[in-house]
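Below, each chain spelled out in residue letters.
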Amino acid sequence: MKDKVKAVILVGGHGTRLRRLTYNTPKPMVPVLNMPFLEYVIRNLRGHNILDIILAQYYLAESMENYFGDGSKFGVKLRYVMEGSPRGTAGAVKNVEKYLDDTFLVLNGDIFHNCDFTNMVKFHHRHRAKATIALTPVEDPTIYGVVETDRRGKVKHFFEKPEPGEVSTNMINAGTYVLEPEVLQWIPPDTKYSFERELFPQMLTDDKPVYTYSFHNYWMDMGTAEKYLQLHRDLLSDKCDNHSLEKDVIIGDKCNIHSSAQFSGSVIIGDNCTFGRGVRLAGPVVIGPNCAIMEDAVIADSVVWDNVTMNTRAVIKSSVVANNCILGSDSYLVDAVLGDHVTVDEGCKLKPGARILPGGTVKDT
Ligand code: GDD
Ligand code: MG
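As the structure is a computational prediction, the values presented were derived from the model and not from experiment.

Visitor: Give me the site of ligand 1: which residues, what numbers.
Guide: If you check the shell around ligand 1, you find 26 residues, and the closest are Glu83, Gly109, Asn173, Glu196 and Asp221. Between an oxygen atom of ligand 1 and a main-chain N or O atom of Arg87, the distance comes to 3.3 Å. A distance of 2.8 Å separates an oxygen atom of ligand 1 from a polar side-chain atom of Asp110. Protein contacts shield 89% of the accessible area of ligand 1, which totals 730 Å² for the unbound molecule. For the shell around ligand 1, the elements supplying multiple residues, two or more each, are β1 (6-11), α4 (88-94), β11 (171-179) and β13 (219-221). Counting residues per element, the shell around ligand 1 draws most heavily on α4, at three residues.

In structure tokens, the structure reads:
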């Protein structure tokens, strides 16, 4: 791969559908196996020698810069460009135009995959495309951008979030594009503009060569809490190629675990956690750093973030619990999502599927 290929990562969305979790943490910084999601994307790019990366930002930008800095610790060069107002997917790339003078990649910042960028860029050049869109098959295409092609992979139609029955393929826009800089001329400046609804359809109308590159590796848009949890289940059950874990149980530094605590399945624990007598963890379970899990508490099939306290006999099943939550003794969560700083009172049983806003207190069921 030529050193020159740069990547723009779109990290400006509000993460609306993941809202309970993204009030204080932008979607790219949401932890996946205790590492910010964006770090996986950056590592993947580095693996293909794409080292010059531009982050197109709007929402909660600071925390990304604090963590990644200039990128040197991660083996890449990072530039941060902030929009005055949200520009949409294509407008955000127009906004970083001055850095783009050769073939470049654009990635949605909320997708976990192992797309072979090297091959995709080669494919793009071989077809002399102006834009190449990665496609992946999904079960329900109606919540994505569906792309219909001819037999050579040339795009015929786009259907962004189509109605059921409107489309005849389950191949969707995987949120990864290879583009020629010429394409930037066709995006109006200082305007909200979208690749999916505006630029790509316009390129088809104007008979510009827009190709597709299909891949069948693991792919997940972690746009909802259900998908976020599913990503963890998949990662911990080896469904995602290239991301298999060396051990079933991984325990961080300075953890204090009572000898009677029982861990089964795949379990990952961050630093500085304590586990009291009789605690049971039934994987897949991921627990962030600084958590205190008291006597006889149970966690199964769940993701718990940083600094969470679970009092005695509290139970968490198939749930996501964000930073700084406190669960009272004998409280019970199933299929729940708690934002940051939620307190669940002693003995409270949340209704299955509960979604609690950050800072909330749950007193009764
Ligand atoms: N900088 C910037 N500015 N980024 C933005 C903006 C903006 O105004 N709006 C959205 N983004 C970023 C989001 O942060 C996300 O990383 C990406 O652009 C896509 O936005 P989403 O809001 O997540 O879109 P989606 O998931 O509904 O649909 C998109 O992704 C699907 C695949 O997951 C579309 O590209 C679909 O066609 C596609 O199938
Ligand atoms: Mg998305």
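Resuming the write-up.
Visitor: Describe the nonpolar core, listing the residues and the values that go with them.
Guide: If you look at the biggest cluster of nonpolar residues, it comprises 66 residues, and the most contacted ones within it are Ile9, Val32, Leu38, Ile42, Leu45, Phe112 and Tyr228. Both domains that meet at this core, namely domain 1 (6-236) and domain 2 (249-362), each give it at least three residues.

Visitor: Provide a residue-level description of the coordination of the magnesium ion (ligand 2), including the pertinent values.
Guide: Coordination of the magnesium ion (ligand 2) by the protein is provided by Asp110 (OD) and Asp221 (OD), with metal-donor distances spanning 2.1 to 2.6 Å. With Asp110 in the loop between β6 (104-108) and β7 (111-113) and Asp221 in strand β13, this residue pair connects regions lying 111 residues apart in the sequence. Under the relative-accessibility criterion, Asp110 is labelled buried at 10%. With a relative accessible area of 12%, Asp221 lands in the buried category.

Visitor: Please provide a residue-by-residue account of the side chain of Thr212, values included.
Guide: Within the element layout of this structure, Thr212 appears in strand β12 (residues 210-214). On the basis of relative accessibility, which here comes to 6%, the residue Thr212 falls in the buried class. Within the structure, the side chain of Thr212 is placed 2.8 Å from the backbone oxygen of Gly153, a separation counted as a polar contact.

Visitor: Could you give an account of the domain arrangement of the protein chain, naming the residues involved and the relevant values?
Guide: A common way to state how big an interface is: give the accessible area lost once the parts meet. Each domain of the protein chain was delimited in the assignment, giving domain 1 (6-236) and domain 2 (249-362). Contacts between domain 1 and domain 2 engage 16 residues on the former and 26 residues on the latter. The junction of domain 1 with domain 2 conceals about 1700 Å² of combined surface from both sides, 68% of it contributed by carbon and sulfur atoms. For the pair domain 1 and domain 2, the number of links is two salt bridges. Linking domain 1 with domain 2 are six residue pairs in polar contact (both at pLDDT 80 or more), by the criterion used here. Looking at the side of domain 1 that touches domain 2, the elements with two or more residues in it are α1 (19-22) and α7 (225-236).

Rules and cut-offs
Residues numbered from 1 in each chain as written. Chains lettered and ligands numbered in written order. Predicted model: local features only at pLDDT ≥ 70, side-chain atom pairs only at ≥ 80, totals over all residues. Heavy atoms only, no water. Near = heavy atom within 4 Å. Polar contact = N/O pair within 3.5 Å; in protein donor to acceptor, adjacent residues only side chain to side chain. Areas by Shrake-Rupley, 256 points an atom, 1.4 Å probe, with all protein chains shown as cover. Helix = DSSP H or I, 4+ residues; strand = E, 2+ residues; numbered from the N terminus. Core = buried A, V, L, I, M, F, W, Y, C linked by side-chain atoms within 4.5 Å. Buried < 20%, exposed > 50% of the residue type's maximum accessible area, 1.4 Å probe, protein only. Domains from an automatic or database assignment. Donors = N, O, S within 2.8 Å, 3.2 Å for Na, K, Ca; no water. Contact = heavy atoms within 4.5 Å. Buried area = accessible area lost by both parts, 1.4 Å probe. Salt bridge = Lys/Arg side-chain N within 4 Å of Asp/Glu carboxyl O.

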